[in-house]
Amino acid sequence: ENVQTLVDRIIRRIKVHRTCEGFTDAQMYQVLDEIEPPVVIFGDTHGQLNDLLRFADIVGEPPGTQWLLLGDYIDRCKKGLEVIMLLLCFKIKYPSRVHLLRGNHECQKTNRIYGFYTEMKTKRTVAMWVRFNKLFNEIPLCAAVSRRMLCMHGGISQHIKDWKSLAELKKPHTIQECDDGIALDLLWADPTNDCCEFRFNANRCTSVIFGDTAIKDLCKRLGISMIVRAHEAVQEGHQMMPGGRLCTLFSAPNYCGNDGNSASVMHVSPTFKISFTTLKPRLNADNVAPGLLAKLKSETEARSPNPQP
């Protein structure tokens, strides 16, 4: 049953019978958790406020454009506070048009090390950093787009058996809960081009890596066509795995000022047509060897519709 039909039935039941009796918990969660296209999906932003605003200018702001963001709003770069505050304000003002998921950097043990703690200590107070982490504990770990697309920050888990596994998932409120089970994998897991199921993620020393076999199996069990995740700085801004069942998005161009990567957001149309808006990296002359500057600038201008020095 699609969400529009379900919603119409619930409205009619409440109007006529003044009750929600007769609907299952799974159906209730479908209304609570469902996102209907069209929607623009963002990957990591990591405190790169100017680039988030560049995307907003191009794709449109809420409420005119529905946003789904896949986490990692803070750490690494200088404007994490401003990025998360902007998004929270949008969420409060347009709650049905802005959807925020939790990334691995919205966990206290991570953002204590990678920048947000220092940023908050400098700009505000440690007490406010603590308060932000209490808020991060309440951000959902995954979202469904019309039950045809599953979105998260990290990746999938061998512990996801069906939609009920996700609907009944409790939000992790402690470091230990973030490091266990489905929550750990939704925050940290990575795909691999190997045709494996699941194995330990040695690169990150936590969670798992998963291959096409695992992706196919989960898509079949959940009845979905695609998994969309973030978590990795892919060079072209987005990367589709062979078979088109998984896409990685990264929305911070020229990551940390020196990676030279592009950044993308995904557009999902009402008919589930997928397209991308991609920002090319802005060159930073201070980080480029003089002999390469002219060549890199020429190449960037040839690729970019709005080249910036």
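What counts, and where the lines are drawn
Residues numbered from 1 in each chain as written. Predicted model: local features only at pLDDT ≥ 70, side-chain atom pairs only at ≥ 80, totals over all residues. Heavy atoms only, no water. UniProt positions renumbered as here; feature names shortened; annotations may be inferred. Salt bridge = Lys/Arg side-chain N within 4 Å of Asp/Glu carboxyl O. Helix = DSSP H or I, 4+ residues; strand = E, 2+ residues; numbered from the N terminus. Buried < 20%, exposed > 50% of the residue type's maximum accessible area, 1.4 Å probe, protein only. Axes fitted to C-alpha atoms, helices over the stretch in contact; angles between N-to-C directions. Contact = heavy atoms within 4.5 Å.

If you look the chain up in an unreviewed UniProt entry, it shows as Serine/threonine-protein phosphatase from Pristionchus mayeri. Its UniProt record gives the chain the following Sequence similarities (unreviewed entry) comment, quoted word for word: "Belongs to the PPP phosphatase family."

Draft legend 1. Structural detail: the pattern of salt bridges. Following the criterion strictly, the structure yields 12 salt bridges and no others. A salt bridge links Lys123 to Glu82, with the nearest nitrogen and oxygen atoms 2.9 Å apart. A residue pair is termed long-range when its members are at least 10 positions apart, and Lys123 in helix H6 (residues 116–123) and Glu82 in helix H4 (residues 80–93) qualify at 41 residues. For Glu82, a relative accessible area of 27% translates into the label partly exposed. A salt bridge links Lys109 to Asp179; the nearest nitrogen and oxygen atoms lie 2.8 Å apart. Placement of the pair is Lys109 in helix H5 (residues 108–111) and Asp179 in the loop between helix H9 (175–178) and helix H10 (181–188), with a sequence separation of 70 residues. A residue is classified by how much of its surface remains accessible, and Asp179, at 30% relative accessible area, is partly exposed. Each member of the salt-bridge network shares a partner with another, and the members are Asp190, Arg204, Arg229 and Glu232.

Draft legend 2. Just the packing of helix H3 (residues 49–59) against H4, in detail. Two numbers describe how H3 lies on H4: the axes approach to 9 Å, and their chain directions differ by 35 degrees. Between H3 and H4, the residues in contact are Leu49, Leu52 and Leu53 and Glu82, Val83, Leu86 and Leu87, respectively.

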